[in-house]
Amino acid sequence: MQNLQKKEKKMKFNIYSIFLIILILNGCSISNDSVIPQIEFPSEYDTTIIDKKNSSIEEMWWENYQDKKLSSLIEETLKNNYDLQIAMANISLTRASLSSSISERYPTIELQGLANKQKTSASVFESTSQNKYNNYSLSAVLNYELDLWGKYKNAENSANSSLLASYAARDTIKLSLVASVIDNYFLLISLNEQLNIINQIILTKEQILKKYQTQFDAGSISKIDIYQEKSSLTNINIEKNSIQQAISLQKSTLALLVGKTPKEIDEFSKEIFKEKLPKDIVVPLNLPSELLNNRPDIKQAEENLKASDYNISVAKAMYFPNISLTGLIGFESMNLDNLFQSNSAKNSLGSNLVSPILNTGKISANVDSTKANKELAEINYKKTVQQAFQEVYDILNKRDAILKNMEHQKTYTKNIEEIYRITQNQYNQGYVDFIALQSAKRNYLSSQTNLIKLNQSLISSTVSLYKALGGGWSKEYLNEIEKL
């Protein structure tokens, strides 16, 4: 009897020792720390508009335009746009995937109940009679697969990186939408401003044509002068129609961005917008490396790279054995009345080991696939950073060219304005005729049109630059999500 008790104690000790070793191994992992490629940047941009005193970008930077209509359109866009709603749905999907991955790391406990009534056959096992018996049981069953090689931990880390990437993807769409609304809004205002100028030019041309008609009737000019002025007026009217069509298309585009329904788009096209562009706003800049950290698309590429790195560790873990623990505690009886009595209690504790032998080729193929995905993610990360720098670099050069052209155009417009003023004085003194005066006025108005187009191009480049610099986006809130 004593020998039997000693054997039982020894067996229990061995079982507990095995479980202890398993639990220690459970902290092991074959994963490596993800390394984000380092990319060198120039110390600063070669441009004259860098403002080192103010190197931050406000989150709602468009409010510096002091346009309530624009702010309301952006607010409406962020509520209604379908692309943004799709991005939000993707966040929900990746969050659910993360929750599923987290649950894999913890034990599952299930309640199992059984009520069975059975009648045996008298034709088997040399039985001469049929037996009837009942079987009732109620048990709590524990199942737990030990994460010996960090498979589930790395799967959770991968899912978490995918979640952060989905947030960054949403913010990339949000930034693009805001920039598109602002750009299209100011383009619409520019077109309205151009339409106002061209209406004044048409009025001037019509007055010149009337004067030509009077001179023709008096026989002082030939009919060819009349036709030349009529053809010039026709061309300007064609240009006016093109601007009006562009305004209609621009309103439709803006309405679609805002998320208007077809009926609302029609109503939106009848709304009155401003007819004068605002002044350009100041663009604060800093070192390129710091600026590029504030772009959500780079954060998205970075998190996708991390996720692919974790997936390699998950795939490699399949080479190693899996050990599962199972436990059961409950009651079992052939009589329902005795089910919960002490002599009906039962329990069990065991483990299960599964190790791959002949399917390592499939596992190797899966590892190779995850490595290829990581290589693609790394290439995409480098490409995203490269494109981000190129965008900022190109926009700064474009802005520099626009600013120089604007200075030349302002000088040209000032000279044309002076010519128009002198011509007005000469007309009042009788030195020039009405046609010369109207021609000077037309040239002055045309120079203003070019200035309007340049001003709109400058504002558009400012919007593009804010977008390229991340538009005031901050990844700090993602750090809080990562800690959850």
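Note that residues are indexed from 1 along each chain, following the sequence as it is written. For a predicted model such as this one, the threshold for reporting local features is a pLDDT of at least 70, and the threshold for listing and counting side-chain atom pairs is 80 or more; totals across whole chains, interfaces and linings nevertheless cover every residue. By convention in this description, side-chain values take in all heavy atoms of the structure and omit both hydrogens and water.

Asks: Help me understand the sheet that holds strand β1 (residues 108-119), please; the structure alone is not making it clear to me.
Replies: Within a sheet, each strand pairs with its neighbour through backbone hydrogen bonds, oriented either parallel or antiparallel. Think of it this way: DSSP has to see at least two bridges between two strands before they count as a pair. The secondary structure listing takes helices from DSSP runs of H or I that are at least 4 residues long and strands from runs of E that are at least 2 residues long, numbered from the N terminus. Sheet architecture is open: four strands sit in the order β1-β2-β3-β4, paired in antiparallel fashion. Whereas interior strands pair on both sides, the edge strands pair on one side only; in this sheet they are β1 and β4 (345-354). Each adjacent strand pair in this sheet contributes to an overall mean axis angle of 20°, direction not counted. Here 10 bridges tie strand β3 (residues 322-333) to β4, and the two strands are oriented antiparallel to one another. Within the sheet, the bridge partner assigned to Thr 326 lies in β4 and is Gly 350. Inter-axis angles, ranging from 0 to 180 degrees, are taken between N-to-C directions of lines fitted to C-alpha atoms, where helices are fitted over the stretch in contact.

Asks: Sorry, what's going on with the environment of Tyr 412 here?
Replies: In this fold, Tyr 412 is placed in helix α9 (residues 360-428). Note on classification: 1.4 Å probe, protein chains only; a residue is buried when its accessible area is under 20% of the maximum for its type, exposed when over 50%, partly exposed between these limits. A relative accessible area of 42% places Tyr 412 in the partly exposed class. As a C-alpha pair, Tyr 412 and Tyr 444 span 32 residues in sequence and 9.5 Å in three-dimensional space.

Asks: How do you make sense of helix α3 (residues 82-103) when you look at a structure like this?
Replies: Structurally, the α-helix is built with 3.6 residues per turn, so residues lying three or four positions apart point the same way. The terminal C-alpha atoms of α3 lie 32 Å apart, and with 22 residues this matches the ideal 32 Å at 1.5 Å per residue to within 8%. Along α3, the residues that are buried comprise Leu 84, Ala 87, Ile 91, Thr 94, Leu 98 and Ser 101. Relative to the axis of α3, the buried residues are bounded by an arc of 85° and lie together on one face. Exposed positions of α3 whose direction lies more than 90 degrees from the buried face are Tyr 82 and Leu 93. Taking the backbone nitrogen of Asp 83 as reference, a side-chain oxygen 2.9 Å away marks Asn 81 as the first, capping residue of α3. Take the number of residues in a helix, subtract one, and multiply by 1.5 Å to get its expected span. In this context, the arc is that of the directions from the helix axis out to the C-beta atoms. Polar contacts, as counted here, are pairs of nitrogen or oxygen atoms within 3.5 Å of one another; within protein the pair requires one atom able to donate a hydrogen and one able to accept it, and residues that are adjacent in sequence qualify only if both atoms are side-chain atoms.

Asks: What am I meant to see in the packing of helix α2 (residues 68-80) against helix α4 (residues 151-217) here?
Replies: Helix-helix packing is characterised by the crossing angle of the two axes and by the distance between the axes. The N-to-C vectors of α2 and α4 enclose an angle of 145°; their axes lie 10 Å apart at closest approach. Relative to α4, the crossing made by α2 is right-handed. Across the interface between the two elements, Lys 69, Leu 70, Leu 73, Ile 74, Thr 77 and Leu 78 of α2 pack against Lys 174, Leu 177, Val 178, Val 181, Ile 182, Tyr 185 and Phe 186 of α4. Put simply, Ala, Val, Leu, Ile, Met, Phe, Trp, Tyr, Cys and Pro go in the nonpolar bin, Asp, Glu, Lys and Arg in the charged bin, and everything else, Gly too, in the polar bin. When grouped by side-chain class, the residues that make up the contact of α2 with α4 number 10 nonpolar, one polar and two charged. Left-handed describes a crossing whose near helix is turned anticlockwise from the far helix through less than a right angle; right-handed describes the clockwise counterpart. Whether two residues are in contact is decided by their heavy atoms: any pair within 4.5 Å suffices.

Asks: What exactly am I supposed to notice about empty space enclosed by the protein here?
Replies: Over the atoms rolls a probe the size of a water molecule, and its path tells where empty space is left. Using a 1 Å grid laid over the protein atoms alone, points where a 1.4 Å probe fits but cannot get out form a cavity; open sets with protein on both sides within 12 Å along at least 5 of 7 lines form a pocket; any residue with an atom within 4 Å of a point counts as lining. Grid points are joined across faces, edges and corners, and a volume is the space filled by probe spheres set on the points. Under the criterion given, the structure shown has two cavities of 30 Å³ or more. The wall of the largest cavity is formed by Glu 145, Leu 146, Asp 147, Leu 148, Trp 149, Lys 151, Tyr 152, Pro 321 and Asn 322. Grouping the constituent residues of the lining of the largest cavity by class yields five nonpolar, one polar and three charged.

Asks: What exactly am I supposed to notice about the packing of α4 against helix α5 (residues 223-258) here?
Replies: For the pair α4 and α5, interaxial distance at closest approach is 8 Å and the crossing angle is 160°. Accordingly, the angle class assigned to the pair α4 and α5 is roughly antiparallel. Crossing handedness for the pair α4 and α5: left-handed. Grouping the amino acids of the contact of α4 with α5 by side-chain chemistry returns 22 nonpolar, 11 polar and nine charged. Each angle is binned into one of four classes, with values under 35 degrees roughly parallel, values over 145 roughly antiparallel, values of 65 to 115 roughly perpendicular, and all other values oblique.

Asks: Please explain a nonpolar patch on the surface as it appears in this structure.
Replies: Only residues whose relative accessible area exceeds 30% and that form no salt bridge enter a patch; like-charged residues are grouped when within 9 Å of one another, and nonpolar side chains (Val, Leu, Ile, Met, Phe, Trp, Tyr) when within 5 Å. Using the Shrake-Rupley algorithm and a 1.4 Å probe, accessible areas are obtained, with residue cover drawn only from the displayed protein chains. A carboxyl oxygen of Asp or Glu within 4 Å of a side-chain nitrogen of Lys or Arg is what we treat as a salt bridge. Taken together, the side chains of Leu 111, Leu 138 and Phe 340 define a hydrophobic patch exposed on the protein surface, amounting to about 330 Å² of accessible area. When you line up the elements, Phe 340 lands in the loop between β3 and β4. Judged by relative accessible area, Phe 340 falls into the exposed class, the value being 55%.

Asks: Even after reading the chapter, I still don't get the confidence of the model for the protein chain, so can you show me in this structure?
Replies: Detailed conclusions should not be drawn from predicted coordinates in areas where pLDDT is low. On average, residues of the protein chain carry a pLDDT of 83, and 86% of them reach 70 or more. Per-residue confidence from the prediction method is given by pLDDT, with values spanning 0 to 100. Contacts from residues 11-16, a stretch scored under 50 in pLDDT, to residues over four places away or in other chains number zero contacts. Within the model, pLDDT remains below 50 along residues 45-54, and this stretch shows 22 contacts once partners closer than five positions in the same chain are excluded.

Asks: Hey, could you run me through unusual backbone geometry in this one?
Replies: Glycine aside, residues mostly have negative phi angles, and peptide bonds mostly take the trans form. Look at Gln 66: it is not a glycine, yet its phi comes out positive at around 55°. Within the secondary structure, Gln 66 sits in the loop between α1 (2-25) and α2.

Asks: Help me out: how do you make sense of α2 in this one?
Replies: For α2, with 13 residues, the first-to-last C-alpha span of 18 Å sits near the 18 Å given by 1.5 Å per residue. Buried residues of α2: Leu 70, Leu 73, Ile 74 and Thr 77, and no others. Angular distribution of buried residues about the axis of α2 spans 100°; they occupy a single face of the element. More than 90 degrees from the buried face of α2, the exposed residues found are Lys 68 and Lys 79. In the core, the buried residues of α2 are packed alongside α4, α5 and α6 (262-268). Measuring from the side-chain oxygen of the N-cap residue of α2 to the backbone nitrogen of Lys 69 gives 3.0 Å; that N-cap residue is Asp 67.

Asks: Explanation requested: the environment of Ser 342 in the structure shown.
Replies: Within the element layout of this structure, Ser 342 appears in the loop between β3 and β4. With a relative accessible area of 72%, Ser 342 lands in the exposed category. Between the alpha carbons of Ser 342 and Phe 331 there is a distance of 8.5 Å; along the sequence they are 11 residues apart.

Asks: Would you explain the packing of aromatic side chains in this entry?
Replies: In this description, a pair of aromatic rings is defined by centroid distance and the angle of the planes. Working definition: rings of Phe, Tyr and Trp (its six-membered ring) pair if their centres are within 6.5 Å, and the pair is stacked with planes under 30 degrees apart, edge-to-face with planes over 60 apart, and tilted otherwise. What the rule picks out here adds up to 11 aromatic pairs. Centre to centre, the rings of Trp 61 and Trp 62 are 6.0 Å apart; their planes meet at 75°, and the pair counts as edge-to-face. Of the two residues examined, Trp 61 and Trp 62, each falls in the buried class. Feature note: the residues Tyr 65, Tyr 185, Phe 186, Phe 268 and Phe 273 constitute an aromatic cluster, connected by ring pairs.

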